[in-house]
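# A closer look at the structure
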Amino acid sequence: MTDASIHLKAETEVALAAASDLRAWDAVRVSVLGKAGRLTALLKELGRLPPEVRRERGVGLNRLRDELTAAIEARRQALDAAALDARLAAERIDPTLPPRPRPAGLIHPISRTADEIIAIFGAMGFSVAEGPDVETDWHNFGALNIPGHHPARADHDTFYLPAIGDAPPPVLRTHTSPVQIRTMLEQAPPIRVIAMGRTYRADHDATHSPMFHQCEGLVIDRAITLGHLKGCVTDFLRAFFGLSGLPVRFRASYFPFTEPSMEVDIGWNRRTGELGGGGDWLEILGSGMVHPRVLANCGIDPRQWQGFAFGMGVERITMLKGNIADLRPFFDSDIRWLRHHGANPLAPATLHERA
Ligand code: PHE
């Protein structure tokens, strides 16, 4: 070994030991093995030596190159291992630490009631139908056997929108019954759907909001009777209010789109507000057998098909179940009210909460 080789080897070993990270290590590697490195320079000198010296020197330099390459590689592995150890130590996760408190969101009472209604009717084999909030006059009134001059129109306090062309002005739907029409136009019977959604009437006080929600039910088949209507609605009300003995009363009434029509009352105590016994009755729902003219308006032959429909106010039954007296805070977005009346999202909507 020449002096130059001996120096190079010793100095490289010292420099490698001093290189404490990959950057320093790489600088050492380049200074030895790189294009302008010291070993490379020694190898280049070989060509200028006389042949008898060159051979022996060549063997020595090749051995030196193998040794230096191995030393450099060994140092890199050591640095890699150290870096990994440092990362593992720094990124350690302590699973015993308590979680940071995160406030849970709550379900709005209307959404909660909607989920419960859908769960109950879903269990009875109903699917969910939808329709637009802005309706044509025909879907909201005409097809439902409420012509332009009909007195029922006056009861609806309708919001009319600007007319387009010669057609009657579109309306914000005053009930979910137009979804019946859309469903019958789109779907051949048998039909078993509920429709849930926003409805609008120009009315505002402690129990009325210009925007509110209704749930509509529609069943059409070949042999559906008033008995099915009574059973279905009774089962629903008892499941929803969680009272298996809830008194339910059907009272003759009138809707243009059903014949016969019935209003449905549940038993309660007017004085205490408690549902169930008590001897008083509270109106809760409109219903009836779908009028043959409504079926015909939707292209369904009333001599082959018949069925029932019902509609109810979602806020109303939510207020009754939750013992909430005022409707207005439902839409005020007051976080204190929402915290008080909101439902736990982790508790599923069950059919019987207090049987
Ligand atoms: N659409 C009626 C209302 O808004 C309720 C209803 C629906 C009545 C279906 C009978 C059948 O009052």
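The sections below set out a description of the structure shown in this document. (Residues numbered from 1 in each chain as written. Predicted model: local features only at pLDDT ≥ 70, side-chain atom pairs only at ≥ 80, totals over all residues. Heavy atoms only, no water.)

### Some points on the overall build of the chain
What counts is decided by this rule: By definition, any uninterrupted DSSP run of H or I lasting at least four residues is a helix, any uninterrupted run of E lasting at least two residues is a strand, and each is numbered from the N terminus. For the radius of gyration, the atom set is restricted to C-alpha positions; the globular benchmark scales as 2.2 Å times the number of residues to the power 0.38. Here's how the labels work: a residue is buried when its accessible area is under 20% of the maximum for its type, exposed when over 50%, partly exposed in between, all with a 1.4 Å probe on protein chains only. Contact criterion: two residues are considered in contact whenever any of their non-hydrogen atoms come within 4.5 Å of each other. Each accessible area value is a Shrake-Rupley result obtained with a 1.4 Å probe; residue values ignore everything except the protein chains displayed when judging cover. Here the positive residues are Lys and Arg and the negative ones are Asp and Glu; neither His nor the chain ends is included. Each charge is placed at NZ for Lys, CZ for Arg, CG for Asp and CD for Glu.
A count of helical and extended segments in the chain gives 12 helices and 9 strands. Taking 2.2 N^0.38 as the reference for a compact globule, 355 residues should give roughly 20 Å; the C-alpha atoms of the chain span a radius of gyration of 41 Å, well beyond that estimate. Dimensions along the principal axes, computed over C-alpha positions, put the chain at roughly 125 × 50 × 40 Å. Put simply, the chain has 355 residues, and 40% of those count as buried. Residue pairs in contact within the chain that sit at least 24 positions apart in sequence constitute 65% of those at least 6 positions apart. Total accessible area on the chain stands at roughly 19,900 Å², and carbon and sulfur atoms take up 55% of it. When the 40 basic and 42 acidic side-chain charges of the chain are each reduced to a single mean position, those positions are 6 Å apart.

### With respect to the pairing of strand β8 (residues 280-290)
Put simply, the rule is: Strand pairing follows a simple DSSP-based rule, namely that at least 2 bridges must link the two strands.
Among the 11 residues of β8, 8 are classified as buried, and the element is accordingly described as predominantly covered. With 9 bridges joining them, strand β7 (residues 258-268) and β8 adopt antiparallel strand pairing. Opposite M262, over in β8, you have S287 as the bridge partner. By the bridge criterion, 4 bridges tie β8 to strand β9 (residues 306-313) in an arrangement that is antiparallel. Each bridged residue has a counterpart across the sheet, and for G288 the counterpart in β9 is A309.

### As for the site of the ligand
Just so we agree on the cut-off: Any residue with a non-hydrogen atom lying within 4 Å of a molecule or strand is treated as near it. Here a polar contact means two N or O atoms within 3.5 Å. Within protein one must be a hydrogen donor candidate and the other an acceptor candidate, and residues neighboring in sequence count only if both atoms are side-chain atoms. By the convention adopted, Pro, Cys, Tyr, Trp, Phe, Met, Ile, Leu, Val and Ala count as nonpolar, Lys, Arg, Asp and Glu as charged, and the other residues, Gly among them, as polar.
Among the 14 residues in the neighbourhood of the ligand, the closest are listed as H175, S177, R201, Q214 and E216. One of the side-chain N or O atoms of R201 is found 3.0 Å from an oxygen atom in the ligand. At a separation of 3.0 Å, an oxygen atom of the ligand approaches a polar side-chain atom of Q214. Taking 320 Å² as the accessible area of the ligand by itself, protein coverage stands at 90%. For the shell around the ligand, the elements supplying multiple residues, two or more each, are α8 (177-186), β5 (211-221), β8 and β9. The element that contributes the greatest number of residues to the shell around the ligand is β9, accounting for 3 residues. For the shell around the ligand, the class distribution of residues is 4 nonpolar, 8 polar and 2 charged.

### Description of the sheet that holds strand β6 (residues 248-255)
Going by this rule: Lines fitted to the C-alpha atoms define the axes, with helices restricted to the stretch that makes contact. Angles between their N-to-C directions range from 0 to 180 degrees.
Within the open sheet, the 7 strands sit side by side as β1-β4-β5-β9-β8-β7-β6. Their pairing is mixed. Each edge of the open sheet is held by one strand with a lone partner, namely β1 (127-129) and β6. Taking each pair of neighbouring strands and ignoring which way they run, the sheet shows an average axis angle of 30 degrees. Across the sheet, helix α9 (residues 226-241) is in contact with β6, β7, β8 and β9; its angle to β7 comes to roughly 30 degrees.

### Re the side chain of H150
Residue placement: H150 occurs in the loop between α6 (137-140) and α7 (152-155). When its relative accessible area of 14% is taken as the criterion, H150 is described as buried. At a separation of 3.2 Å, a polar atom in the side chain of H150 contacts the side chain of Y254. Once residues within four sequence positions are removed from consideration, H150 is found in contact with N145, Y254 and P256.

### Things to note about the nonpolar core
Spelled out, the test is: Buried residues of nine kinds, namely Ala, Val, Leu, Ile, Met, Phe, Trp, Tyr and Cys, make up a nonpolar core once their side-chain atoms join them within 4.5 Å.
Grouped together as the largest cluster of nonpolar side chains are 42 residues, with contacts concentrated most on I117, F121, F236, L237, F241, I266 and I284. When residues in this core are grouped by element, the largest group, 8 residues, is from α9. Discounting chain neighbours no more than four positions away, the residues touching I266 are L237, F241, L246, P247, V248, L275, D280, W281, L282 and I284. Ranked by size, the runner-up nonpolar core spans 23 residues in total, among them F141, A143, I146 and V179.

### Structural notes on the packing of helix α5 (residues 109-123) against helix α11 (residues 314-322)
Selection criterion: Throughout, the term roughly parallel applies to angles under 35 degrees, roughly antiparallel to angles over 145, roughly perpendicular to angles from 65 to 115, and oblique to all others.
At a minimum axis distance of 10 Å, the contact between α5 and α11 shows a crossing angle of 100 degrees. Between α5 and α11, the interaxial angle falls into the category roughly perpendicular. Residues P109, I110, T113, E116 and I117 of α5 lie in contact with α11, whose contacting residues are V314, E315, I317, T318 and K321. Considering only residue class, the contact of α5 with α11 consists of 5 nonpolar, 2 polar and 3 charged.

### Overview of the pattern of salt bridges
Heads up, the rule is: Salt bridges are identified by distance alone: a Lys or Arg side-chain nitrogen within 4 Å of an Asp or Glu carboxyl oxygen.
The final tally for this structure, using the stated rule, is 18 salt bridges. R303 serves as the salt-bridge partner of D301, at 3.3 Å between the closest nitrogen and oxygen. What you see here is one network of salt bridges that share partners, running through R249, R251, E263 and D265.

### So, a negative patch on the surface
Our working rule: Excluding any residue in a salt bridge, patches collect residues exceeding 30% relative accessible area, merging like charges within 9 Å and nonpolar Val, Leu, Ile, Met, Phe, Trp and Tyr side chains within 5 Å.
A contiguous patch of negative charge, built from D155, D157, D203 and D205, is present on the exposed surface. With respect to the helices and strands, the residue D203 is situated in the loop between β4 (191-200) and β5.

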